[in-house]
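Listed below, chain by chain, are the residues.
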Amino acid sequence: DTGVSQNPRHKITKRGQNVTFRCDPISEHNRLYWYRQTLGQGPEFLTYFQNEAQLEKSRLLSDRFSAERPKGSFSTLEIQRTEQGDSAMYLCASSLSVSGKDTQYFGPGTRLTVL
Amino acid sequence: AQTVTQSQPEMSVQEAETVTLSCTYDTSESDYYLFWYKQPPSRQMILVIRQEAYKQQNATENRFSVNFQKAAKSFSLKISDSQLGDAAMYFCAYIRGGSNYKLTFGKGTLLTVNP
């Protein structure tokens, strides 16, 4: 039984470059979430998918951010024209929705550093 | 909007002793769930314990238990017989019941366990 996996674990990029992160959820989970965690803070919700549909996006998710979950399996989070303020840990979580009682299980995160 | 407050940025405990981490939250909802997550240094966030708001009985998981005071909107975590492996950042989190998806986290409490 594998957990949520994320790749890469670390990414260093220069300001203005595009980056893409991948999340592989627990296999039977139909919901997938993205959060962002900055130093000294708790994670903040960015967006979530139920199967392949993106159902909610936070106002934190600017137009430079896009997320996809083709075929309801893995998900990608792309940041275009990165800024130094995008430096953070990007966490993915997944859950199995059962009457609203699902529990989210987190991956190890991708730490992004924008120089 | 729901908010979660952890008033203790740092706590320390001697190995084998008991420590209590505090959390308060603000919501107008009656159906919700509360969680404690543990995030060890450079490792992924894992679920420690979960409490359904409609349950009066406090949740327990081995050495971990909660004191859920619904009227006071308080949700503290007690760790008994503390072990070195308990050292981590602990986050309190809230999610609205039903089909909600968004976890709201506190800022965390850094727990140090002294040998």
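In what follows, the accompanying structure is described. All residue numbers here refer to positions counted from 1 along the written sequence of the relevant chain. The order in which chains are written sets their letters, starting at A; the order in which ligands are written sets their numbers, starting at 1. Totals for whole chains, interfaces and linings use every residue, but because this is a predicted model, local features are given only for residues with pLDDT of at least 70 and side-chain atom pairs only at 80 or more, for both listing and counting. Excluding hydrogens and water, the side-chain figures rest on all heavy atoms present in the structure.

The volume enclosed by the largest pocket comes to roughly 500 Å³. In terms of lining residues, the largest pocket is bounded by 29 residues, among which Gln37, Met89 and Arg111 of chain A together with Gln39 and Ser42 of chain B are the most central. Among the residues forming the lining of the largest pocket, the class breakdown is 13 nonpolar, 12 polar and four charged. As defined here, a cavity is a set of points on a 1 Å grid over the protein atoms alone where a 1.4 Å probe fits but cannot get out. A pocket is an open set with protein on both sides within 12 Å along at least five of seven lines, and residues line them when an atom is within 4 Å of a point. Grid points are joined across faces, edges and corners, and a volume is the space filled by probe spheres set on the points. Space inside the second largest pocket adds up to approximately 370 Å³. As for the second largest pocket, its lining consists of 16 residues, of which Glu44, Phe45 and Leu60 of chain A together with Lys102 and Thr104 of chain B are closest to the centre. To qualify as a helix, a DSSP run of H or I must reach at least 4 residues; to qualify as a strand, a run of E must reach at least 2; elements of each kind are numbered from the N terminus. Listed by contribution, the elements that provide at least two residues to the lining of the second largest pocket are strand S5 (44-50) and strand S6 (53-57) of chain A together with strand S11 (104-105) of chain B. Of the residues contributing to the lining of the second largest pocket, the split by class is five nonpolar, six polar and five charged. Lys, Arg, Asp and Glu make up the charged group, whereas Ala, Val, Leu, Ile, Met, Phe, Trp, Tyr, Cys and Pro make up the nonpolar group; the residues left over, Gly among them, are polar.

The contact criterion used throughout is that any non-hydrogen atoms of two residues lie within 4.5 Å. In this assembly, 22 residues from chain A lie in contact with 21 residues from chain B. Buried surface area refers to the total accessible area, computed with a probe of radius 1.4 Å, that the two partners give up upon joining, counted for both partners together. Approximately 1,800 Å² of surface area, both sides summed, lies buried where chain A meets chain B, with 51% of it carried by carbon and sulfur atoms. The term salt bridge refers to a side-chain nitrogen of Lys or Arg lying within 4 Å of a carboxyl oxygen of Asp or Glu. Our enumeration of links across chain A and chain B arrives at zero salt bridges. Distance and chemistry together define a polar contact, namely a pair of N or O atoms within 3.5 Å, with one atom able to donate a hydrogen and the other to accept it when in protein, and with adjacent residues in sequence counting only for side-chain atoms on both sides. Taken together, chain A and chain B are joined by seven residue pairs in polar contact (both at pLDDT 80 or more). Secondary structure elements with two or more residues in the side of chain A that touches chain B: strand S4 (31-37) and S5 of chain A. Broken down by element, the side of chain A that touches chain B gets its largest block of residues, four residues, from S4 of chain A. Classifying every residue of the side of chain A that touches chain B gives nine nonpolar, eight polar and five charged.

Next up on the list: the pairing of strand S8 (residues 75-79) of chain A. Each regular strand carries side chains that alternate between the two faces of the sheet. Residue and element names in this part refer to chain A. Among the five residues that make up S8, four are buried, leaving the element largely enclosed by the rest of the structure. What makes two strands pair is DSSP finding at least two bridges between them. Pairing between strand S3 (residues 19-24) and S8: five bridges, direction antiparallel. Looking at the pairing, Phe21 lines up with Leu77 of S8. Pairing of strand S7 (residues 65-68) with S8, which is carried by four bridges, proceeds in the antiparallel orientation. Counted as the bridge partner of Glu68 is Thr76 from S8. Here S7 folds back onto S8, and the loop between the two strands holds six residues, one of which, Lys71, carries a positive phi near 60°. Only protein chains enter the area calculation, which uses a 1.4 Å probe; residues under 20% of their type maximum are buried, those over 50% are exposed, and those in between are partly exposed.

Pairing of aromatic rings covers Phe, Tyr and Trp, the last through its six-membered ring, and needs centres within 6.5 Å; plane angles under 30 degrees mean stacked, over 60 mean edge-to-face, and all others mean tilted. What the rule picks out here adds up to 18 aromatic pairs over all chains. Seen from their ring centres, Phe35 of chain B and Tyr37 of chain B are 6.0 Å apart, and the 35° between their planes marks the pair as tilted. Judged by its relative accessible area of 1%, Tyr37 of chain B falls in the buried class. With centroids separated by 6.2 Å and ring planes inclined at 25°, the aromatic side chains of Trp36 of chain B and Phe75 of chain B adopt a geometry described as stacked. Of this pair, Trp36 of chain B sits in strand S5 (residues 32-39) while Phe75 of chain B sits in strand S9 (residues 74-79); the two residues are 39 residues apart in sequence, bridging distant segments of the chain. Neither residue differs from the other here; Trp36 of chain B and Phe75 of chain B are each classed as buried. Linked through ring pairs, Tyr33, Tyr35, Phe45, Tyr48 and Phe106 of chain A together with Phe35, Tyr37, Phe91, Tyr101 and Phe105 of chain B together constitute an aromatic cluster.

Residue and element names in this part refer to chain B. With three bridges connecting them, strand S3 (residues 19-21) and S9 associate as antiparallel partners. Paired with Leu21 across the bridge in S9 is Leu77. The pairing of strand S8 (residues 64-69) with S9 spans six bridges and is classified as antiparallel. When the bridges of S9 are listed, Gln69 appears paired with Ser74.

The subject of this paragraph is the sheet that holds strand S1 (residues 5-7) of chain A. Strand pairing within a sheet occurs via backbone hydrogen bonds; the two strands may be parallel or antiparallel. Residues and elements named next belong to chain A. Judged by pairing direction, the sheet is antiparallel, and its four strands sit side by side in the order S1-S3-S8-S7 without closing on themselves. Strands with a single pairing partner mark the edges of an open sheet, and in this sheet they are S1 and S7. Averaged over all pairs of adjacent strands, the angle between their axes in this sheet comes to 15°, without regard to strand direction. In the sheet, S1 pairs with S3 via three bridges, with the strands oriented antiparallel. When the sheet's bridge partners are listed, Gln6 is paired in S3 with Cys23. Axes, fitted as lines to C-alpha atoms, cover a helix only where it is in contact. Angles between the N-to-C directions of the axes lie from 0 to 180 degrees.

None of the figures reported here should be taken as evidence of function without further support.
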